[in-house]
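# A look at the structure
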Amino acid sequence: MSPTALTTGLFLANADHTLLAPGTTPAELETFLLAARELGVARVCISPTLIEEAAGPLRSSPVQVVTVVGFPSGVHAAEVKAAEAAQAVSDGAAEIDMVVNRGLVRAGDWAGVEAEISAVREAATDRVLKVILETAALSDAEIIGACRAAEAAGADFVKTSTGFDPAGGASVHAVRLMADTVGGRLGIKASGGIRTAAAVRELWAAGTTRFGVSGTAAILAEWDDTARAASNTGSGSGSGY
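These lines cover the structure that appears in this document, whether it is placed above or below. Everything numeric in this text was worked out from a predicted model, so none of it was measured. (Residues numbered from 1 in each chain as written. Predicted model: local features only at pLDDT ≥ 70, side-chain atom pairs only at ≥ 80, totals over all residues. Heavy atoms only, no water.)

### Considerations on the pattern of salt bridges
A pair can form between side chains of opposite charge whenever their charged atoms are brought close. With the rule as written, the count across this model stands at 14 salt bridges. As a salt-bridge pair, K81 and E116 come within 3.0 Å of each other at their nearest N and O atoms. Of the two residues, K81 sits in helix α4 (residues 78–91) while E116 sits in helix α6 (residues 110–123), which places them 35 residues apart along the sequence. Given a relative accessible area of 4%, E116 falls into the buried group. Between D97 and K159 there is a salt bridge, and its shortest N-O distance comes to 2.9 Å. Taken as a pair, D97 in strand β4 (residues 95–99) and K159 in strand β6 (residues 157–159) lie far apart in primary sequence, 62 residues in all. This pair shows no difference in class: D97 is buried, exactly as K159 is. Three or more residues joined by partner-sharing salt bridges are found here, namely D16, R43, E95, D97, K130, K159, K189 and R210. (Salt bridge = Lys/Arg side-chain N within 4 Å of Asp/Glu carboxyl O. Helix = DSSP H or I, 4+ residues; strand = E, 2+ residues; numbered from the N terminus. Buried < 20%, exposed > 50% of the residue type's maximum accessible area, 1.4 Å probe, protein only.)

### Quick word on the packing of aromatic side chains
Counting across every chain of the model gives 4 aromatic pairs. With 5.3 Å between their ring centres and 85 degrees between their planes, F71 and F164 make a pair best called edge-to-face. Taken together, the positions of F71 in the loop between β3 (64–69) and α4 and F164 in the loop between β6 and α8 (172–182) put the pair 93 residues apart, joining distant regions of the chain. Overall, the relative accessible area of 42% leaves F164 in the partly exposed class. The residue whose ring lies beneath K130 is F157, and the NZ or CZ to ring-centre distance is 5.9 Å. (Phe/Tyr/Trp six-rings, centres within 6.5 Å; stacked < 30°, edge-to-face > 60°. Lys NZ or Arg CZ within 6 Å of the ring centre and 35° of its normal.)

### Quick notes on the side chain of T160
Tracing the sequence through the fold places T160 in the loop between β6 and α8. T160 has contacts with I132, L133, E134, T135, A170, V175, M178, K189, A190 and S191, leaving out every residue within four places of it along the chain. (Contact = heavy atoms within 4.5 Å.)

### Looking at unusual backbone geometry
A negative phi angle is the norm for most residues apart from glycine, just as the trans form is the norm for most peptide bonds. A cis amide bond links F71 with the next residue in sequence, P72, at an omega value of -5 degrees. By the element assignment, P72 lies in the loop between β3 and α4. Here the phi dihedral of S60 falls at roughly 65 degrees; this positive angle occurs in a residue that is not glycine. One can find S60 in the loop between α3 (51–54) and β3.

Right, dumping it as structure tokens:
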């Protein structure tokens with residue numbers, strides 16, 4: 001089945017506008033959040049220590065807050081990740097993106113992977129839970145195994161990348177493999193290195209259902225430029241030869 005055509009409105013409804021840079025100041029956060037409101041994104045993804053500060057700039061706004069736990073390495077103990085998730089929920093996060101322990105994935109310890117995701121699932125209560133796999137650093141078999149463990153543990157999404165690993169970010173191949181594995185039972189969040197409207201469309205066609213993007217404004221500007229160019233081409237008065 002072909003995916004629904006991706007409009008700018010649908011993109012914004014499924015975009016997690018992201019600011020996870022270490023050292024972000026309150027002034028930088030406020031600028032980012034006000035820009036998010038202006039862009040019309042449905043969610044922002046910010047560091048857990050910034051959640052409470054976001055309440056003011058987002059007041060009376062429908063924009064929801066997503067945060068991260070075990071970020072960016074994923075090597076934290078499961079109990080620590082669960083405690084981070086519980087604190088984030090208490091502070092007002094609507095969604096949790098947790099980084100899986102890649103060592104457990106690479107070792108094929110699927111019971112261990114499932115156990116740590118389950119611990120965060122329980123701590124996150126009814127919040128949406130996404131599991132970050134860091135797919136560029138994993139084999140296909142490891143991606144498949146991690147997706148299956150995430151589903152068994154009750155996650156809502158599997159996510160490609162943190163955007164901080166030197167191995168790389170989202171790829172069409174990884175998204176397609178993830179989508180084939182979860183079969184529509186979980187969402188697919190593509191993140192890491194997504195900078196163009198063309199990349200967004202390609203990842204959507206591969207099975208992405210959510211995007212983690214920091215250059216949202218630039219993507220939208222390119223989208224508009226492409227639409228204008230197509231319109232001008234279609235309505236031109238030239239001979240067409």
